[in-house]
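Results of the structural survey
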Amino acid sequence: MGKIKDIIKEYTDYLLFEKGLSENTKFAYERDLSLFFYFLKEKEVESVCSEDLVLYIEYMEKSYSRFSVLRKITSIRNFFFYLQKEKVILKNPCDNLEKLKKGSYLPEVLTISEIKSIVESFGTTPKEKRDVLVLKLIIATGARVSEIIDILTSDIDSEGYGYIRVKGKGSKIRVIPIYKDIADELKFYIENIRALFLKNKDDKENRVFAGTDRSSFWRILQKKAKDLKIEKRVYPHIFRHSVATEMLKNGAGLRAVQEMLGHSSMTTTEIYTHLGKRDLKKAYLDLKIGDD
């Protein structure tokens, strides 16, 4: 990428060493910015204009979840703010870009029947049993896919299997209860199936779900959705959105949802109240259509 690659590296090094951000955040910025300039065919930073940003946002909206788009926009905005502050550019192309707000950028969710159809589409092979259990735990807990895939055997309640311990953003630990049916499945999996995914009997792998990762699980869900002809873009995080929405629909308080999902800010959780209001509005309008 030549010059732009060097500029991105200088910026992400600044984030890491001067702003104190994590290696994961640094990597996320590198990836977001590299994709943006790849889309622009490695256009010089001085030549980027607001029209380029609008075109890129339109492209992203066809390929990424709403929250991913928001995050990538934030990466780009912060990058150009830094370049302007360092006098690398005179005019910031983000200045004329209307600021998107999370409250108006609501996540798509799956219906209960869509979730059931995906769960029921898994087979009975050891691999399918492992993967469907990952999905069931995501649905049962509202946890992020990485939080479930990364749980260790020591994170499981070894007596009753009644809860799991997950490590969320910022290495924050939270304990989430799981209901008996899932607890029984988890116990059976650990005792009878898990060993099949260890490389040998002396394997030191401590993860409960050895042999899988986020990207492979994402591909599995995409294939399931395609086979079931579900037109929504199905990815691991959509189950988290769906769980939060269903919890609020069924009377759960915002604080309970915030704690279960591990949101550091109530503002993030409140997005789902807007989503619920949208559903209520749609139901009301549907009722009015048939009302004489």
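See above for the structure.
Worth saying up front: this structure is predicted, and the values here are computed from it rather than measured. (Residues numbered from 1 in each chain as written. Predicted model: local features only at pLDDT ≥ 70, side-chain atom pairs only at ≥ 80, totals over all residues. Heavy atoms only, no water.)

Scanning the protein from terminus to terminus reveals twelve helices and two strands. Moving toward the C terminus, one meets the helices and strands of the protein in the order α-α-α-α-α-α-α-β-β-α-α-α-α-α. Among the 292 residues that make up the protein, the fraction classed as buried is 42%. Across the protein, contacts joining residues at least 24 apart in sequence account for 59% of those joining residues at least 6 apart. For the protein, the computed accessible surface area is about 17,200 Å², with 53% contributed by carbon and sulfur atoms. (Helix = DSSP H or I, 4+ residues; strand = E, 2+ residues; numbered from the N terminus. Buried < 20%, exposed > 50% of the residue type's maximum accessible area, 1.4 Å probe, protein only. Contact = heavy atoms within 4.5 Å. Areas by Shrake-Rupley, 256 points an atom, 1.4 Å probe, with all protein chains shown as cover.)

This model, assessed by the stated rule, comprises 20 salt bridges. Among the ionic pairs, Asp131 bridges to Arg130, the shortest N-O distance being 3.0 Å. Looking at Asp131, the relative accessible area reads 0%, which means it is buried. With a relative accessible area of 3%, Arg130 lands in the buried category. In the salt-bridge network here, residues are joined through shared partners; they are Lys9, Asp13, Lys26 and Glu30. (Salt bridge = Lys/Arg side-chain N within 4 Å of Asp/Glu carboxyl O.)

How two aromatic rings sit relative to each other is given by the distance of their centres and the angle of their planes. Across all of its chains, the model carries 15 aromatic pairs by this definition. Taking 6.4 Å as the distance between ring centres and 25° as the angle between the ring planes, the aromatic pair formed by Tyr11 and Tyr14 counts as stacked. With Tyr11 and Tyr14 both in helix α1 (residues 3-17) and three residues apart, this pair spans about one turn of that helix. The class for Tyr11 is buried, based on a relative accessible area of 2%. Linked through ring pairs, Tyr11, Tyr14, Tyr29, Phe36, Phe37, Phe39, Tyr56, Tyr59, Phe79, Phe80 and Tyr82 together constitute an aromatic cluster. The ring of Phe197 is capped by Arg130, whose NZ or CZ atom sits 4.4 Å from the centre of that ring. (Phe/Tyr/Trp six-rings, centres within 6.5 Å; stacked < 30°, edge-to-face > 60°. Lys NZ or Arg CZ within 6 Å of the ring centre and 35° of its normal.)

Further remarks concern the environment of Phe36. Assignment of secondary structure puts Phe36 in helix α2 (residues 23-39). Residue classification places Phe36 among the buried positions, given a relative accessible area of 0%. A sequence separation of 37 residues divides Phe36 from Ile73, and the C-alpha atoms of the two residues are 9.6 Å apart.

Where burial is concerned, the two faces of strand β2 (residues 173-177) differ: the one with Arg174 and Ile176 is buried and the one with Ile173, Val175 and Pro177 is not. In this structure, strand β1 (residues 163-167) lies alongside β2, joined through five bridges in antiparallel fashion. Its bridge partner being in β2, Lys167 is matched across the sheet by Ile173. (Pairing = 2+ DSSP bridges.)

In this section: a negative patch on the surface. Together, Asp6, Glu10, Glu18 and Glu86 give the surface a local cluster of negative charge. When you line up the elements, Asp6 lands in helix α1. (Patch = residues over 30% accessible without salt bridge, like charges linked within 9 Å, V, L, I, M, F, W, Y side chains within 5 Å. Lys, Arg positive; Asp, Glu negative; His and termini not counted. Charge placed at Lys NZ, Arg CZ, Asp CG, Glu CD.)

We now examine the packing of α2 against helix α4 (residues 66-85). Between α2 and α4, the least distance of the axes is 9 Å, while the angle of their chain directions is 85°. By the angle between their axes, α2 is roughly perpendicular relative to α4. For the pair α2 and α4, the contacting residues are Tyr29, Arg31, Asp32, Leu33, Leu35, Phe36 and Phe37 in the first and Arg71, Lys72, Ser75, Ile76, Asn78, Phe79 and Phe80 in the second. For the contact of α2 with α4, the per-class residue count stands at eight nonpolar, two polar and four charged. (Axes fitted to C-alpha atoms, helices over the stretch in contact; angles between N-to-C directions. Parallel < 35°, antiparallel > 145°, perpendicular 65-115°, else oblique. Nonpolar A, V, L, I, M, F, W, Y, C, P; charged D, E, K, R; others polar.)

Next up on the list: the nonpolar core. Judged by nonpolar contacts, the single largest core of 39 residues is most densely connected at Ile118, Leu186, Phe209, Val234 and Phe239. Elements with a minimum of two residues in this core: α5 (112-120), α6 (126-141), α7 (145-149), β1, α8 (180-192), α9 (214-227) and α10 (236-249). Ranked by residue count, the leading element in this core is α6, at seven residues. By size, the runner-up hydrophobic cluster in this structure holds 26 residues, among which are Phe36, Phe37, Ile73 and Ile89. (Core = buried A, V, L, I, M, F, W, Y, C linked by side-chain atoms within 4.5 Å.)

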